[in-house]
Amino acid sequence: MTDLSKLEADLVAAVAGAADLAALEAVRVAALGKSGSVSELLKTMGGLSPDERRERGPLINGLRDRITAALTVRKAELEEAALNTKLAAERVDLSLPAPPERRGRVHPTMQTLDEMIAIFADMGFGLAEGPDIEDDFHNFTALNFPPKHPAREMHDTFWLPEDANGERKLLRTHTSPVQIRVMQQASGKLPGWIATGQAPPIRVIVPGRVYRSDSDATHTPMFHQLEGLVIDRAIHMGHLKWTLDAFTRRFFESDAVVTRFRPHHFPFTEPSAEMDVQCDRSGGSVKIGEGSDWLEILGGGMVHPKVLANCGLDPDEWQGFAFGLGVDRLGMLKYGMPDLRDMFAADIRWLEHWGFSAFQAPNPATGLS
Ligand code: PHE
C-alpha cells in the first residue's frame, strides 16, 4: 500500500467514524486545515521535479477531492441525524403561556388625525393635500402677506437655498398654502394639481406637516395642522362657529365642552378669530369641559376677498371660511401628553406608553375607533 492510499484509507475511516459534527470538524482540520496531512502533501508539490509532479499531482489532488467529498456527505448525514434526534426529543407544549409579543403602536398624532378626519368626513368634507416644500407665492403672497410685511415674521420660516432661477423655496409654515392650490384649481387657474379639485362649492380639509424654527414645551420645528376651507355663495361666520363647535364637542366626546371666539388678525381672513376651549389647569394637568381657564386651539375666519381674487375666484360671487387646527396640540389636550417635544423624539418607550393599538374596537359613543 502506498503512503497515499494508506493516508486515504485512514482518513476515510476517520470520516466514517466521526460520531458528531464536532468530531467531523476535527477530522477535517487534521486533513485539510492549514497544517493538515493533505494540506502538507499539497505543499510538497512545489518542490517536485516536473516529471514527479506529473505523476503525483493527480494522485494528491484526487485524494484531496475524495476526502472533501466524503466530508460533505458525512456532514449531511450527521446534520440530519442531529435534526431527527432534536425532533424526537422536542414537543410543542401548547399549555405554556405565549411569549410576550412586541406590537407596533399607532402614534398619538396619527390617532388624533384619524379621529379629526373621520369627524370632518362625516360632515361632508373632502380631503386635499399639498407639498411640504412650498414657494413664497403659495405660502405668503397669495395669502395676502405683502412682500416684506412684518406679519411674515410671525412665521419663523425655514428657507431653502436659492435655486437655479434665483428663487428661494421654503418649508411651508402652515397648511394654508393648500387653500390657495385648491381654489386655484377650482377656478381653473391650476389645472389638474389637486386630485379632489372641484369647482365651488368647495368643502375640504387639508391635514399635513408644517415647519417653524421654534422649540419649547409647546412648540416643535415640525408639527401637524389640519386646515379647513369652505367656499360657496352665502357662507358666513355662523357656519364657521357651528362647524368648529360641533367638531370640538365630538372630538372631546363631551357636550359639556365650552368654546369661545376671540377677535384676532390673519392677513388672509377678515374678520379673523381664534377659538379657545374652556379647561381646568389646576393640579398640573389640563381637563377639558370644566374649570375657568381657556386654551387656544385654532385660528380661523372669513377668507379675505383679496385671497379669493388671487386664486381667480370672483369675491362678489364667492365667499367662505377657513380655519387651521393644531393636530398635535389637540392630541395632547385629549390624551394628556405633557410635552410636545416628546411627540417627535422617536422614543420607543414613550410610544409604547402613549401609543394606540392598531386594532381598536369603535367607540360606541362616537363611532370612531
Ligand atoms: N394658518 C394659520 C396659522 O398657521 C391658521 C389659520 C388658518 C387662520 C386658516 C385662519 C384661517 O396660524
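Above this text sits the structure in question.
Heads up: these notes are all about the structure in this document. (Residues numbered from 1 in each chain as written. Predicted model: local features only at pLDDT ≥ 70, side-chain atom pairs only at ≥ 80, totals over all residues. Heavy atoms only, no water.)

Regarding its fold elements, the protein chain presents 11 helices and 10 strands. Computed over its C-alpha atoms, the radius of gyration of the protein chain comes to 37 Å, more than 25% above the 21 Å expected for a compact globule of 369 residues. A fraction of 64% describes how many contacts in the protein chain between residues 6 or more apart in sequence connect residues 24 or more apart. Accessible surface, the protein chain as shown: approximately 19,800 Å² in total, 56% of it carbon and sulfur. In the protein chain, which carries 39 positive and 51 negative side-chain charges, the distance between the mean positions of the two groups comes to 3 Å. (Helix = DSSP H or I, 4+ residues; strand = E, 2+ residues; numbered from the N terminus. Rg over C-alpha atoms; globule rule 2.2 N^0.38 Å. Contact = heavy atoms within 4.5 Å. Areas by Shrake-Rupley, 256 points an atom, 1.4 Å probe, with all protein chains shown as cover. Lys, Arg positive; Asp, Glu negative; His and termini not counted. Charge placed at Lys NZ, Arg CZ, Asp CG, Glu CD.)

On to the nonpolar core, then. Formed by 29 residues in total, the largest nonpolar core has its most connected members in Leu226, Phe323, Leu325 and Leu330. Elements represented by at least two residues in this core include exactly helix 5 (108–122), strand 5 (222–232), helix 8 (237–251), strand 7 (269–280), strand 9 (293–303), strand 10 (319–326) and helix 10 (327–335). Setting aside anything within four residues of it in sequence, one finds leucine 330 in contact with Thr112, Met116, Phe247, Phe251, Phe252, Ile297 and Leu325. By size, the runner-up hydrophobic cluster in this structure holds 26 residues, among which are Ala151, Val204, Phe268 and Leu313. (Core = buried A, V, L, I, M, F, W, Y, C linked by side-chain atoms within 4.5 Å. Buried < 20%, exposed > 50% of the residue type's maximum accessible area, 1.4 Å probe, protein only.)

Before going further, it helps to spend a moment on the layout of surface pockets. The space that makes up the largest pocket amounts to roughly 720 Å³. Forming the boundary of the largest pocket are 37 residues, of which Arg212, Phe223, Gln225, Glu296 and Gly324 lie nearest the centre. Of all the secondary-structure elements, those providing two or more residues to the lining of the largest pocket are helix 7 (176–186), strand 5, strand 6 (259–266), strand 7, strand 9, strand 10 and helix 10. For the lining of the largest pocket, the leading source of residues is strand 9, giving six residues. A breakdown of the residues in the lining of the largest pocket according to their chemical character gives 13 nonpolar, 16 polar and eight charged. Of the voids in this model, the second largest pocket is the one considered here, and its volume is about 370 Å³. (1 Å grid on protein atoms, 1.4 Å probe; cavity = no way out; pocket = protein on both sides within 12 Å on 5 of 7 lines; lining within 4 Å. Points joined across faces, edges and corners; volume = space filled by probe spheres on them. Nonpolar A, V, L, I, M, F, W, Y, C, P; charged D, E, K, R; others polar.)

Right, let's talk about unusual backbone geometry for a bit. In this structure, proline 271 follows glutamate 270 across a cis peptide bond, with omega equal to -5 degrees. Checked against the element boundaries, proline 271 lands in strand 7. A positive phi angle is found at glutamate 253, which is not glycine, with a value near 55 degrees. Mapping glutamate 253 onto the fold places it in the loop between helix 8 and strand 6. Glutamate 253 gets classed as partly exposed once you look at its relative accessible area, which sits at 39%.

Interpretation note: all reported values are geometric properties and have no functional meaning in isolation.
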